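Listed below are the residues making up each chain.
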Amino acid sequence: MTSSPGIFARGPWAPEQVRAHWREDMYEPPAEATAAADAAITALAERGSPSHDGLGARFVSHREEEGLLVVEMQPARWGLRLVDRDASQSMAALCVTRAYDGRWLAGRRSAWLSTWAGRWALGAGGAVDVGESPAQTLTRELHEEWQLTAERVQVEALVRLPHHMIMVVGQAWLPEGAEEALVMDDEHDAHAWWPASIDEWPAEADEPLRRMAGLLSATER
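Fair warning: this is a prediction, and the values are worked out from it, not measured in the lab.

Draft legend 1. Region of the structure containing the overall build of the protein. Summing up its helical and strand segments, the protein has 3 helices and 11 strands in all. Beginning at the N terminus, the succession of helices and strands in the protein can be written as β-β-α-β-β-β-β-β-β-α-β-β-β-α. Expected size for 221 residues packed as a compact globule is a radius of gyration near 17 Å; at 17 Å, the protein falls within 12% of this value. Here the protein holds 221 residues, and the buried ones make up 46% of them. For the protein, restricting intrachain contacts to residue pairs at least 6 apart in sequence, the fraction spanning at least 24 positions comes to 69%. A distance of 4 Å separates the average location of the 20 positive side-chain charges in the protein from that of its 35 negative side-chain charges.

Below, the structure written as structure tokens:
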């Protein structure tokens, strides 16, 4: 089952204004979801991709109170996020990354990856680990994928994607000259700094990326 994407909550919030509440009970998926996750993990192994599986975060609920975004989560099988059309509300985070002068960090995702293989994406992103806040995921992924540390980070939105993945979208600004220290990980096979003006972006910047950047560009330094 799929549904239209939607915005659950719109910030911005500072990282310390995003609170994670973790339930102790593990999510128990229906049998058909477990079988679909098994098949997805097997398919990854067959195409030479690391077939790791384990635990990640699943979204349960959220609320906004006294300037805070409170997200309730529970542990769930990581492989559920790979299920076509229904990711069981698995949690992910996307850290859209800007250079000091406003340019946008873009990376082409390697062919072996489980999602968005061969496509260009903005910044860094990945699954929310058990026990961490989604705001922590933003900075962790930025460092793991690009060896970069942001000067400032803010959480922009909590959104639902059409295949029932829940994503925290954040935006990070780097110190002046920090892009010179970038080290690309093996999850990417190319990277570029796209111009600050979205109108000047190259052809590989697809429409979903342009729409997202358009929403975020309203929040500047």
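Back to the text.
Draft legend 2. A look at helix α3 (residues 207–216). Among all positions of α3, only L209, A213 and L216 are buried. Projected down its long axis, α3 shows its buried positions confined to an angular sector of 60 degrees, all on one face. Tucked into the core, α3 has its buried residues touching β5 (91–98), β6 (104–109), β7 (120–122), β9 (152–160), β10 (166–173) and β11 (188–194).

Draft legend 3. Spatial organisation of the pattern of salt bridges. The tally for this structure, following the rule as stated, stands at 14 salt bridges. For R119, the salt bridge goes to D206, with nearest N and O atoms at 3.4 Å. Here R119, found in the loop between β6 and β7, pairs with D206, found in the loop between β11 and α3; they are 87 residues apart in sequence, far enough to count as distant. Measuring nitrogen to oxygen at the nearest pair gives 3.3 Å for the salt bridge that ties E144 to R140. Remark: R140 and E144 occur in helix α2 (residues 134–146); sequence separation between them is 4 residues, near one turn of the helix. Salt bridges linked by common partners bring D129, E132, R140, E141 and E144 together as one network.

Draft legend 4. Structural detail: unusual backbone geometry. Backbone torsion omega between G11 and P12 reads 15 degrees, so that peptide bond is classified as cis. Relative to the elements of secondary structure, P12 occurs in strand β1 (residues 6–13). Even without being a glycine, Q147 presents a positive backbone phi close to 55 degrees. Of note, Q147 is situated in the loop between α2 and β9. For H164, which is not glycine, the phi torsion reads 70 degrees and is therefore positive. Here H164 shows up in the loop between β9 and β10.

Draft legend 5. Representation of the nonpolar core. Counting residues in hydrophobic clusters, the biggest one holds 30 residues, and the most contacted among them are M91, L142, W146, L148 and V155. When residues of this core are assigned to their parent elements, the largest contribution, 4 residues, is made by α2. In this structure L148 touches L105, L142, H143, L174, A178, A181 and L182, once residues within four positions along its chain are discounted. One finds V96, W104, M165 and A213 within the second-largest nonpolar core, a separate group that totals 22 residues.

Draft legend 6. Local environment of the side chain of S133. Relative to the helices and strands, S133 is located in the loop between β8 (124–127) and α2. The exposure class of S133 is buried, given its relative accessible area of 10%. Each residue touching S133, except ones within four places of it in the same chain, is listed here: V18 and A20.

Draft legend 7. Region of the structure containing a nonpolar patch on the surface. Together, M26, L55 and V130 make up a nonpolar patch on the protein surface, roughly 250 Å² of accessible area in all. Here V130 shows up in the loop between β8 and α2.

Draft legend 8. Main features of the packing of aromatic side chains. Following the criterion strictly, the structure yields 4 aromatic pairs and no others. A centroid spacing of 4.9 Å and a plane angle of 50 degrees characterise the contact between W194 and W201, whose relative ring orientation is tilted. The exposure classification of W194 matches that of W201, with both residues buried. Following the ring pairs from residue to residue traces out a cluster consisting of W104, W120, W194 and W201. Stacked on the ring of W104, the Lys or Arg R98 has its end atom at 3.6 Å from the ring centre.

Calculation rules
Residues numbered from 1 in each chain as written. Predicted model: local features only at pLDDT ≥ 70, side-chain atom pairs only at ≥ 80, totals over all residues. Heavy atoms only, no water. Helix = DSSP H or I, 4+ residues; strand = E, 2+ residues; numbered from the N terminus. Rg over C-alpha atoms; globule rule 2.2 N^0.38 Å. Buried < 20%, exposed > 50% of the residue type's maximum accessible area, 1.4 Å probe, protein only. Contact = heavy atoms within 4.5 Å. Lys, Arg positive; Asp, Glu negative; His and termini not counted. Charge placed at Lys NZ, Arg CZ, Asp CG, Glu CD. Arc of directions from axis to C-beta. Salt bridge = Lys/Arg side-chain N within 4 Å of Asp/Glu carboxyl O. Core = buried A, V, L, I, M, F, W, Y, C linked by side-chain atoms within 4.5 Å. Patch = residues over 30% accessible without salt bridge, like charges linked within 9 Å, V, L, I, M, F, W, Y side chains within 5 Å. Areas by Shrake-Rupley, 256 points an atom, 1.4 Å probe, with all protein chains shown as cover. Phe/Tyr/Trp six-rings, centres within 6.5 Å; stacked < 30°, edge-to-face > 60°. Lys NZ or Arg CZ within 6 Å of the ring centre and 35° of its normal.

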